[in-house]
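Here is what each chain is made of, one letter per residue.
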Amino acid sequence: MLSGPASAVHGFAAVSGDGRGATTGGAGGATVTVTSLSALESEAAKSATETIMVNGLLTGSGEVSVTSNKSIIGVGSGSGLKGIGLKFKGVHNDIVQNMNISLVTAASGDGDAIHVETSDHIWVDHDTLSSDMSHGKDFYDGLLDITHAGGFVTVSWNFFHDHFKVSLVGRSDSNGSQDTGHLKVTYDHNYFKNFDSRTPRR
């Protein structure tokens, strides 16, 4: 992740919309620390508002589905997921901070390091997302894909590197009717290095 200043939620994640207020994640709930993939999966599936501190680099395959009102935060500079993605589908009010997520293959769940689908008010901040360029472009999918009417998302102070298809916003032209009026995404102070395609354009 980048070593920029700590920041409050800003951009679209801080804007009220779709019947919800600004993103707060697990604020106001319990804080738990997990050191295994099974513990992370268990906590992320709970319905309660919660901050989940990930201590260590957890390895495996597949993806962890995260429910609403969660903060997933890495402890220190080396914590995160290797080969495992985070999935936000049909949820809202979630934060991912200080996580290293790498080497999530296209065959692993939805194939993304962070997958946001039909979800809103998501803040992805101060993370490092990567794979490698030694496999073909379809061996991995996206590092951060926001699709199927996802919105009110802020992507800030992240380091994206060594990847072919970096960050998709929207699925395809055939999906336009679902996405219309959504896909409100802010990219702020991100660093993209050694990549091929799917980066923000202005």
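The text that follows walks through the structure, step by step, so that each part is easy to find. Values in this document were obtained by computation on a predicted structure and should not be read as measured data. (Residues numbered from 1 in each chain as written. Predicted model: local features only at pLDDT ≥ 70, side-chain atom pairs only at ≥ 80, totals over all residues. Heavy atoms only, no water.)

### Let's talk about the overall build of the protein chain
Step number 1: Along the protein chain, the regular secondary structure elements total two helices and 17 strands.
Step number 2: The C-alpha atoms of the protein chain give 15 Å as radius of gyration, which agrees with the globular expectation for 202 residues (17 Å, within 12%).
Step number 3: With the C-alpha coordinates aligned to their principal axes, the bounding extent of the protein chain is approximately 40 × 35 × 30 Å.
Step number 4: Put simply, the protein chain has 202 residues, and 50% of those count as buried.
Step number 5: In the protein chain, 65% of the contacts between residues at least 6 apart in sequence involve partners at least 24 apart. (Helix = DSSP H or I, 4+ residues; strand = E, 2+ residues; numbered from the N terminus. Rg over C-alpha atoms; globule rule 2.2 N^0.38 Å. Buried < 20%, exposed > 50% of the residue type's maximum accessible area, 1.4 Å probe, protein only. Contact = heavy atoms within 4.5 Å.)

### Here's the deal with the sheet that holds strand β11 (residues 120–125)
Step number 1: If you walk across this open sheet you meet the seven strands as β1-β2-β5-β8-β11-β14-β16, and the pairing is parallel. In this open sheet, the two strands that pair with only one neighbour each are β1 (30–34) and β16 (185–188). For this sheet the average axis-to-axis angle between neighbouring strands, irrespective of direction, equals 10 degrees.
Step number 2: Across five bridges, the pairing between strand β8 (residues 92–97) and β11 is parallel. When the sheet's bridge partners are listed, Ile 95 is paired in β11 with Trp 123.
Step number 3: The sheet contacts of helix α1 (residues 37–45) involve β1, β2 (50–54) and β5 (70–74), and relative to β2 the element is tilted by about 165 degrees. (Pairing = 2+ DSSP bridges. Axes fitted to C-alpha atoms, helices over the stretch in contact; angles between N-to-C directions.)

### So, the nonpolar core
Step number 1: With 33 residues, the main nonpolar core has Leu 40, Leu 86, Phe 88, Ile 101, Ile 114 and Leu 144 as its most contacted residues.
Step number 2: Elements supplying a minimum of two residues to this core: α1, β2, β7 (85–89), β10 (114–117), β11, β13 (144–147) and β14 (151–156).
Step number 3: At three residues, α1 tops the list of elements feeding residues into this core.
Step number 4: Filtering out sequence-adjacent residues up to four positions away, Ile 101 remains in contact with Leu 81, Ile 84, Leu 86, Ala 113, Ile 114, Thr 128, Leu 129 and Ser 130. (Core = buried A, V, L, I, M, F, W, Y, C linked by side-chain atoms within 4.5 Å.)

### Details of α1
Step number 1: Within the sequence span of α1, burial applies to Leu 37, Leu 40, Glu 43 and Ala 44. Taken down its axis, α1 places every buried residue within 130 degrees of arc, on the same side. Projecting away from the buried face of α1 at angles above 90 degrees are the exposed residues Ser 38 and Ala 45.
Step number 2: Those residues of α1 that are buried are in contact with β1, β2, β3 (57–59), β4 (63–65), β5 and β6 (80–82). (Arc of directions from axis to C-beta.)

### Observations regarding the sheet that holds β13
Step number 1: Spatial strand order, β4-β7-β10-β13: four strands in an open sheet with parallel pairing. This sheet does not close on itself; its edge strands, each paired only once, are β4 and β13. On average, each strand axis in the sheet is tilted by 15 degrees relative to the strand beside it, whichever way the strands run.
Step number 2: Bridging between β7 and β10 involves four bridges; their strand directions are parallel. Bridge assignment links Lys 87 to a residue of β10, and that residue is His 115.

### Observations concerning the pattern of salt bridges
Step number 1: Counted by the stated rule, this structure contains eight salt bridges.
Step number 2: Across the pair Lys 46 and Glu 43 runs a salt bridge whose closest N-O atoms are separated by 3.2 Å.
Step number 3: Taking relative accessible area as the criterion, Lys 46 reaches 37% and is therefore assigned partly exposed.
Step number 4: By relative accessible area, Glu 43 is classed as buried at 13%.
Step number 5: Its salt-bridge partner being Asp 110, residue Lys 87 comes within 3.2 Å of it at the nearest N-O pair. Here Lys 87 is found in strand β7, whereas its partner Asp 110 is found in the loop between β9 (100–102) and β10, with 23 residues between them in sequence. (Salt bridge = Lys/Arg side-chain N within 4 Å of Asp/Glu carboxyl O.)

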